[in-house]
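Residues per chain, in single letters:
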Amino acid sequence: MFAVFKTQIRKELRSPWALILLLVGSIVLTLIFANIDQDTSTTVPIFSTEEKKEEVLNKWEPLLNKNSNFNFVVEEDTAARKLVEEGEHTAVLQLFEHDYRLITNSSMPAVQMLEDYVHMLFTTEAQLQAAAGNNNVAALRAEVESYLQEAPLQIQTEALDGGEVPDYNMGLQLLFGFTLFMAMFTIGFQVNAVSADRANGVWDRMILSPISKTAMYTGHLCYSFFIGFLQVGLVFLIFRYILHYDLGGHLGMILFVAAIFSLSMVSVAMLFTGFIKTPEQFQVIYSSVIPIIPVISGVYMPPGTLSNPILLFIADLFPLQHAMNSLMDIALYGAGWDDIALQIAFMLLIGVICMGVGINLIERRNN
Amino acid sequence: MMIETVKLTKSFKGKNVVDEINFYIDEGESVGLLGPNGAGKSTTISVISSLIKPSAGDVKLYGKSIIKNPAAIRKILGIVPQEIALYEELSAYENLKFFGEIYKVKRSVLEERIQEILDMVGLRERQKELVKTFSGGMKRRVNIGAALLHRPKIIILDEPTVGIDPQSRNHILETVQKLNKENGTTILYTSHYMEEVEQLCKRVYIMDHGKIVASGSKTELLNILSSEDTIKIHLNETSDDILKKIQQIESVRHVDETDDGIRIISKKGNNILSSLIHTVESQGAEITNYQIETPSLEDVFLHLTGRTLRD
Ligand SMILES: Nc1ncnc2c1ncn2[C@@H]1O[C@H](COP(=O)(O)OP(=O)(O)O)[C@@H](O)[C@H]1O
Ligand SMILES: [Mg+2]
């Protein structure tokens, strides 16, 4: 078994480029698509052309910046307009005493969100104004706010650990998603070495040697697992310790899930090997099927977007879905072992079944 | 008797590719298995080496069936497959090391063994180079070396010289001869090259369409032809018609055109020359050269099967 393992490693080190490419690929994809850095909230310049410019800006600026993902900064009239015209900002906000105007050069969803936010703010403010009449608006606002704290009807949201619910983090989801996706390729190509050995005759030679079939399979599969897990682990560690991403406090659990996922993916790849005759066909078929899995597992979309029951069912048959759920639960909601046990069990079950069927198919084809 | 097959049969999709074969190999012997492509040689070897199970019949090692207990033969067998079965991405040395390890050669002797084998196949200087950069002949030599690491008592070589340069070929033949003569290794050598088998093997089995059609030492096999002559003639011009007419001469058993003239096998004793001259001249051609050949194993094969080895 060790000889098989060692020799596969030696072969990989001879031409490690595919492996390095997939490893770098997961990092680059994440960096490109997952704008995960939460500190860079969008800056929106604001300006006013009213006579009482100072007063208007002083009134709205704090209100706008209060609990908002946008960062509103005061600019000069002409400077602000120039920023949009030259495309440096997608939107600037012109303020009047009781009104606003959004100047934009884009119809991106982000602009829509900005519009919604500003609109809501001005409406609320107008309502407060109307209710207060000539009284003090600020006092009324404070009253309303303190009333809402103790409202008779309240929605309670609680995270798994009982703490506050964090905002869903799409960037983190993509980080996990891309990394596992790339690892699926790596693992598949490593498992394909079994087919390659069978095709080039080395497999038959091994059968005639004193090492057992079990040792041959174990050597190959341990190796595939090792490489797959190494890749996922490395990417996570790079994000955590070099790029300083926040993966939640439980890196150990995250790596554990990665290990179970790799194990289970080795089995899935083995099942493919059982169905497919030659290593060349494997390359083609595996590479065309694998990219579908993250799509139906909803890796690229916010959770809950996919609702087709058939797709959801198919997604459940692959380890990716379960690994993603566990990873997000751990990183975002601080899930404990109990919370992810079911997902882990699913992955192990998939692993056992695929491995059994896969090896059986391969052995049967022999005779 | 070291190895013996009893009515060994292997069929694929209902067709008997190996058909009730009986043969034996004594310890220390060098035996040839000769036959054209598709005769069933590789399949026979696969069954003997326990890689595939026979459809019927048995293979015995020292009198005991190997079908239920393949470990017995695997321990003493070195097999050189027809196709090169190596890791092309690895060097010659790394390949040999891998096969040494899976054959559980003790670590203390493995290194020395590898170098010894590299010497034997003449690749010591190039052991660090990747197999994929090797010529066909060099690959075949590594392929043989990979079967020798555990010092097998019997080596089965399946067409080890197909498609390689003469130099590599000679090297391989010498290596096999040395293993047999100096180390006393038993050899089963498969080929469709007559000359190799004649040179290497004391005893030969001739196989065709899954059956053994003849066997024995070279002299014994040639005696099969004692009732026939092989005649080579050259004509100033040939045509299919002439060949057909010659075929119709009563004592002629077989006619074919070779690289070097027309080959005729006829019953011994009959004076065939006059009928030949008559036939050829009646077709408007002339015999420019005529000779009676000493028969070869190739002729034996032709006699037995009506085919040439390279058909
Ligand atoms: N696995 C197989 N399935 C079906 N037919 C086979 C298989 N292996 C060999 N054959 C057929 O058996 C015949 C003998 O093949 P083989 O033993 O390779 O002959 P040789 O080695 O003498 O050239 C051929 O006709 C080949 O097509
Ligand atoms: Mg063959």
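Here the structure is a predicted model, which means the values were calculated and not measured.

Visitor: Sorry, what's going on with the overall build of chain A here?
Guide: Tallying secondary structure elements over chain A gives 15 helices and four strands in all. Here the C-alpha radius of gyration of chain A, 28 Å, is well above what a compact globule of 367 residues would show, namely 21 Å. Projected onto its principal axes, the C-alpha coordinates of chain A cover approximately 95 × 50 × 35 Å. Counting all 367 residues of chain A, 44% fall into the buried class. For chain A, contacts bridging at least 24 residues in sequence account for 74% of all contacts bridging at least 6. In the structure as shown, chain A presents an accessible area of about 19000 Å², 61% of it carried by carbon and sulfur atoms. Averaging the locations of the 19 positively and 35 negatively charged side chains of chain A gives two centres separated by 19 Å.

Visitor: I keep staring at the packing of helix α10 (residues 251-275) of chain A against helix α14 (residues 319-333) of chain A and nothing clicks. Help me out?
Guide: All names here are of chain A. Packing of α10 against α14 brings their axes to within 10 Å, and their N-to-C directions diverge by 180°. Here α10 lies roughly antiparallel to α14, going by the angle between them. Each of Met-253, Ile-254, Val-257, Phe-261, Ser-264, Met-265 and Val-268 in α10 lies in contact with α14, whose residues at this interface are Pro-319, Leu-320, Ala-323, Ser-326, Leu-327, Ile-330 and Ala-331. For the contact of α10 with α14, the per-class residue count stands at 12 nonpolar, two polar and no charged.

Visitor: What should I look at first to understand the domain arrangement of chain A in this one?
Guide: Interface size, as often reported, equals the accessible area lost upon joining of the parts. Here the domain parsing of chain A yields domain 1 (2-36 + 166-366) and domain 2 (42-149). The C-alpha centroid of domain 2 of chain A is placed 48 Å from the C-alpha centroid of domain 1 of chain A.

Visitor: Where do I start with the domain arrangement of chain B in this structure?
Guide: Residue and element names in this part refer to chain B. Looking at chain B, the domain boundaries give domain 1 (3-221) and domain 2 (224-305). For domain 1 and domain 2, the distance between their C-alpha centroids amounts to 37 Å. Counting residues at the interface gives 12 residues for domain 1 and nine residues for domain 2. Together, Met-194, Ile-206 and Leu-221 form the three largest contributors to the area buried by domain 1 at its contact with domain 2, with a combined 50%. At the junction of domain 1 and domain 2, the tally comes to zero salt bridges. Of all the elements, strand β9 (residues 203-208) adds the most residues to the side of domain 1 that touches domain 2, at four residues.

Visitor: Would you mind going over the site of ligand 1 with me for this structure?
Guide: Residue and element names in this part refer to chain B. If you check the shell around ligand 1, you find Phe-12, Lys-13, Val-17, Pro-36, Asn-37, Gly-38, Ala-39, Gly-40, Lys-41, Ser-42 and Thr-43 and nothing else. In the model, an oxygen atom of ligand 1 is placed 3.2 Å from a nitrogen or oxygen of the Ala-39 main chain. In this structure, an oxygen atom belonging to ligand 1 sits 2.5 Å away from a side-chain N or O atom of Thr-43. In the complex, the protein chains occlude 61% of the 560 Å² of accessible area that ligand 1 would expose alone. At three residues, the largest contribution of residues to the shell around ligand 1 is made by helix α1 (residues 41-48). Counted by class, the shell around ligand 1 contains four nonpolar, five polar and two charged residues.

Visitor: What should I look at first to understand the coordination of the magnesium ion (ligand 2) in this one?
Guide: Octahedral metals with six donors have ideal donor angles of 90 or 180 degrees. Tetrahedral metals with four donors have an ideal donor angle of 109.5 degrees. Residues and elements named next belong to chain B. Protein ligation of the magnesium ion (ligand 2) involves Ser-42 (OG) and Gln-82 (OE1), the donor distances falling in the range 2.0 to 2.2 Å. Of this pair, Ser-42 sits in helix α1 while Gln-82 sits in the loop between β6 (77-80) and α3 (92-102), and the two are 40 residues apart along the sequence. Classification of Ser-42 by relative accessible area gives partly exposed; the value is 25%.

Visitor: Sorry, what's going on with the nonpolar core here?
Guide: As a rule of thumb, soluble globular proteins bury nonpolar side chains together. Judged by nonpolar contacts, the single largest core of 143 residues is most densely connected at Phe-176, Met-206 and Phe-236 of chain A together with Ile-3 and Tyr-189 of chain B. Among the elements that take part in this core, α10 of chain A stands out by supplying 13 residues, more than any other. Among all residues touching Ile-3 of chain B, those that are not within four sequence positions of it are Phe-23, Tyr-24, Ile-25, Ile-48, Val-59, Lys-60, Leu-61, Ile-73 and Ile-154 of chain B. If you look at the next biggest cluster of nonpolar residues, it comprises 20 residues, including Leu-63, Leu-93, Tyr-100 and Tyr-117 of chain A.

Visitor: Any chance you could explain the pattern of salt bridges here in plain terms?
Guide: Oppositely charged side chains can form a pair if their charged atoms are brought close together. Applying the stated rule across the entire model yields 18 salt bridges over all chains. One salt bridge connects Glu-76 of chain A with Lys-53 of chain A, and the closest N-O pair in it is separated by 3.6 Å. In this pair, Glu-76 of chain A is assigned in the loop between β2 (71-74) and α4 (77-85) and Lys-53 of chain A in helix α3 (residues 53-65), connecting sequence segments 23 residues apart. The class of Lys-53 of chain A is partly exposed, set by a relative accessible area of 28%. Glu-196 of chain B is paired through a salt bridge with Arg-169 of chain B; the nearest N and O atoms lie 2.7 Å apart. Separated by 27 residues along the polypeptide, Glu-196 of chain B in helix α7 (residues 194-200) and Arg-169 of chain B in helix α6 (residues 166-183) bring together distant segments of the chain. The class for Arg-169 of chain B is partly exposed, based on a relative accessible area of 21%. Residues joined by salt bridges that share partners form a network here, namely Arg-169, Glu-195 and Glu-196 of chain B.

Visitor: Where do I start with unusual backbone geometry in this structure?
Guide: Glycine aside, the phi torsion of most residues is negative, and most peptide linkages are trans. Residues and elements named next belong to chain B. For Lys-104, which is not glycine, the phi dihedral falls at a positive 55°. What makes Lys-104 exposed here is its relative accessible area of 53%. In this structure, Glu-159 takes a positive phi of about 40° despite not being glycine. Assessed through its relative accessible area of 4%, Glu-159 is described here as buried.

Visitor: I keep staring at the interface of chain B and chain A and nothing clicks. Help me out?
Guide: Taken together, the 25 residues of chain B in the interface contact 20 residues of chain A. With both chains or domains summed, chain B and chain A bury close to 2200 Å², and 64% of this area falls on carbon and sulfur atoms. The largest contributions to the chain B side of the interface with chain A come from Leu-51, Tyr-87 and Ile-102 of chain B, which together make up 29% of the buried area. The interface formed by chain B and chain A includes two salt bridges. With a closest N to O distance of 2.7 Å, Arg-14 of chain A and Glu-94 of chain B form a salt bridge. The interface formed by chain B and chain A includes eight residue pairs in polar contact (both at pLDDT 80 or more). Contributing elements (two or more residues each) for the side of chain B that touches chain A: β6 and α3 of chain B. In terms of residue count, α3 of chain B provides more of the side of chain B that touches chain A than any other element does, five residues in total. Within the side of chain B that touches chain A, the residues separate by chemical class into 16 nonpolar, four polar and five charged.

Visitor: Would you explain the side chain of Gln-8 of chain A in this entry?
Guide: With respect to the secondary-structure elements, Gln-8 of chain A resides in helix α1 (residues 2-14). For Gln-8 of chain A, the contacting residues outside a window of four places in its chain are Ala-193, Asp-197, His-220 and Tyr-223 of chain A together with Tyr-87 of chain B.

Thresholds applied
- Residues numbered from 1 in each chain as written.
- Chains lettered and ligands numbered in written order.
- Predicted model: local features only at pLDDT ≥ 70, side-chain atom pairs only at ≥ 80, totals over all residues.
- Heavy atoms only, no water.
- Helix = DSSP H or I, 4+ residues; strand = E, 2+ residues; numbered from the N terminus.
- Rg over C-alpha atoms; globule rule 2.2 N^0.38 Å.
- Buried < 20%, exposed > 50% of the residue type's maximum accessible area, 1.4 Å probe, protein only.
- Contact = heavy atoms within 4.5 Å.
- Areas by Shrake-Rupley, 256 points an atom, 1.4 Å probe, with all protein chains shown as cover.
- Lys, Arg positive; Asp, Glu negative; His and termini not counted.
- Charge placed at Lys NZ, Arg CZ, Asp CG, Glu CD.
- Axes fitted to C-alpha atoms, helices over the stretch in contact; angles between N-to-C directions.
- Parallel < 35°, antiparallel > 145°, perpendicular 65-115°, else oblique.
- Nonpolar A, V, L, I, M, F, W, Y, C, P; charged D, E, K, R; others polar.
- Domains from an automatic or database assignment.
- Buried area = accessible area lost by both parts, 1.4 Å probe.
- Salt bridge = Lys/Arg side-chain N within 4 Å of Asp/Glu carboxyl O.
- Near = heavy atom within 4 Å.
- Polar contact = N/O pair within 3.5 Å; in protein donor to acceptor, adjacent residues only side chain to side chain.
- Donors = N, O, S within 2.8 Å, 3.2 Å for Na, K, Ca; no water.
- Core = buried A, V, L, I, M, F, W, Y, C linked by side-chain atoms within 4.5 Å.

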